[in-house]
Every structure is written in structure tokens, then in C-alpha cells.
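Results of the structural survey
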Amino acid sequence: MTTTSTSTSTSTSTSTTIDSVGTPGWQPAATPVAVALACGLALGVLTNLGQGVLPGAWNQIANSAAAWTVVAFAAGALLKRSGSPRRAAIAGLCAEAGLVVGYYGYAEFGRSGAGSLFFPLVWLAMAFVAGPLFGVAGLWWRGESPWRRVTALAALAGLFGMEGIMYAWTLHYAPQAWACLAAFLLVPLLMARSHRERGLALLAAVPCALLAHALVTIPLNSLSV
């Protein structure tokens, strides 16, 4: 009886230890979010450095809003089926906020200063919107629902379309506009799972680009005047 009791106690203790360390504790849930934040901070710094390296108007690509949003999309996509929409949204938010903090933090402490806080706060506010949305979009892209995959790719491609419109009609930077158009086409063509999904994503990306231009580019341009 004593041996049985001891064995049961040991088994219970071992089980408790395994449960507390290896299964759904706070550490596994927090790890993707921490990685997304760290990557966002690092890429924000690299973005700032890239602007000093890329020649001429190409330095605008370094802090492209569409390119930044890819980071949030990737943060959600890396969770795949193990993640919930809530976790994907948080990971996307941390990635986007990290980009903003890394970019302007390096501008402040590694260069001559970030200047006014107005635009850092504007971009941070946008990160709180775009980060969760595209984090969830990344998770949807890895999911099993065709319409969610199409929606995710159309939204992502639409951002490159938005920037293509800005480069073509607002800034008149033809090479950069063509680069954004290429990305606009390649996102659905390379990332969709079937010809049907490619076609639907491309069709849906056109109104997404126009909507993003109306909701993001035009207001930002008015703030810059």
C-alpha cells in the first residue's frame, strides 16, 4: 500500500510538472508575440538604415506601408492553425508597432532626431488598425477556407496597388509604380492555391487598392501638406 501511494504521488507530481511547463502555459502563447515585436523593432531600424542606402526615390520603398504590412501578415501566417484570430491580431499589432518604434527610435537616437511627434503618432495609430487586420489576414491565408484565403490575398495585394497609384499619379515615380504593380500581380499569382483563387483574388484586389487609396493615401497626403 505504501509503495502504491508513493508511485501515485510521484506520478501526479510528474504530471503536474509537465503540465505546468510543456503545455498551454503563458510562455508558448507569448513566444510568437514576443518574436513579432522583436522582428518589428529590428526591421524598423533596418528600414531607417535602408532609406540612407537606397538611391533617389527608391528610398521610399524602404518604409513602404505595404512592405511594412507584409510583416504583420507574416506574423499571423506563422501561427498557422495553432493560433487563434485573437493571437494573430496581437502578433500583427506587435509587429507593426515594433516597426514604428524601431524606425522612429533609431531616427531619434541614431540620427539627428525624429523631429515632431505628430507623424510617429499617426503611424502608430495606423499600426493599431493595420496590424491586427493583417495579422488575421495572414492566419486566414494559411487556413482551409477558400473565401478567407482570397480575402487575405486581395487585401495584401490591394496595398501594393494603393502604393502603385500613389507613385504613378501623385509622385510620378514610374519605376516605383511598376514595381508596386508587379507586387500587386505577384501576391495572388504566387500565393494562391488554385487558378480560381488567383483569379478571384486579382479581381478583388482592384477595389481593395482603390478603397485603400481613398482611406489611407489621400488623408495622409492632406496631412503632409
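See above for the structure.
Residues numbered from 1 in each chain as written. Predicted model: local features only at pLDDT ≥ 70, side-chain atom pairs only at ≥ 80, totals over all residues. Heavy atoms only, no water.

**Section: the nonpolar core**
Side chains of nonpolar character tend, in soluble globular proteins, to be buried together. Of all hydrophobic cores here, the largest spans 22 residues; its most connected members are Phe73, Phe134, Leu153, Leu159, Phe160, Phe184 and Val187. Those elements that place two or more of their residues in this core are α4 (65–77), α6 (118–141), α7 (146–170), α8 (174–191) and α9 (195–224). Tallying contributions element by element places α7 first for this core, with nine residues. Residues within four places of phenylalanine 160 in sequence aside, it is in contact with Ala66, Ala67, Val70, Cys180, Ala183, Phe184 and Val187. Core analysis: the next-biggest nonpolar cluster, separate from the first, contains 11 residues, Ala36, Ala75, Val100 and Tyr104 among them. (Core = buried A, V, L, I, M, F, W, Y, C linked by side-chain atoms within 4.5 Å. Buried < 20%, exposed > 50% of the residue type's maximum accessible area, 1.4 Å probe, protein only. Helix = DSSP H or I, 4+ residues; strand = E, 2+ residues; numbered from the N terminus. Contact = heavy atoms within 4.5 Å.)

**Focus: the packing of α4 against helix α5 (residues 85–109)**
Think of two packed helices as two axes; the pair is described by the angle between the axes and how far apart they sit. Taken N-terminus to C-terminus, the directions of α4 and α5 make an angle of 145°; their axes are 8 Å apart at the nearest point. Crossing hand, α4 versus α5: right-handed. Of α5, the residues touching α4 (which contributes Trp68, Thr69, Val71, Ala72, Ala75 and Gly76) are Ala88, Ala91, Gly92, Ala95, Glu96, Leu99, Val100 and Tyr103. Partitioning the contact of α4 with α5 into residue classes produces 10 nonpolar, three polar and one charged. (Axes fitted to C-alpha atoms, helices over the stretch in contact; angles between N-to-C directions. Left-handed = near helix turned anticlockwise from the far one by under 90°. Nonpolar A, V, L, I, M, F, W, Y, C, P; charged D, E, K, R; others polar.)

**Digging into the packing of α4 against α6**
Contact pair α4 / α6: the axes reach a minimum separation of 7 Å and the direction vectors enclose 45°. Classified by the interaxial angle, the pair formed by α4 and α6 is oblique. In the crossing of α4 with α6, the sense of the turn from one axis to the other is right-handed. On α6, the residues that touch Ala65, Thr69, Ala72, Phe73, Gly76 and Ala77 of α4 are Trp123, Gly131, Phe134, Gly135, Ala137, Gly138, Leu139 and Trp141. (Parallel < 35°, antiparallel > 145°, perpendicular 65-115°, else oblique.)

**Focus on a nonpolar patch on the surface**
A surface patch of nonpolar side chains, about 620 Å² in accessible area, is lined by Trp178, Leu181, Leu185, Leu186, Leu189 and Leu190. Overall, the relative accessible area of 61% leaves tryptophan 178 in the exposed class. (Patch = residues over 30% accessible without salt bridge, like charges linked within 9 Å, V, L, I, M, F, W, Y side chains within 5 Å. Areas by Shrake-Rupley, 256 points an atom, 1.4 Å probe, with all protein chains shown as cover. Salt bridge = Lys/Arg side-chain N within 4 Å of Asp/Glu carboxyl O.)

**Quick look at α6**
When the terminal C-alpha atoms of α6 are compared, their 34 Å separation across 24 residues agrees well with the 34 Å that a helix rising 1.5 Å per residue should span. Of the positions making up α6, those classed as buried are Pro120, Val122, Ala127, Gly131, Phe134, Gly135, Val136, Ala137, Gly138 and Leu139. Elements in contact with the buried residues of α6: α4, α5, α7 and α9. (Expected span 1.5 Å × (residues − 1).)

**Some remarks on the environment of glycine 158**
Relative to the helices and strands, glycine 158 resides in helix α7. Each C-alpha atom of the pair glycine 158 and alanine 205 lies 4.7 Å from the other, and the pair is 47 residues apart in sequence.

**Notes on α7**
Residues that lie three or four places apart on an α-helix share one face, since the helix turns once every 3.6 residues. The terminal C-alpha atoms of α7, which comprises 25 residues, lie 35 Å apart, in line with the 36 Å expected from a rise of 1.5 Å per residue. With its phi angle positive at about 60°, histidine 172 sits one or two positions after the end of α7.

Honestly, it's all geometry; don't read function into it.
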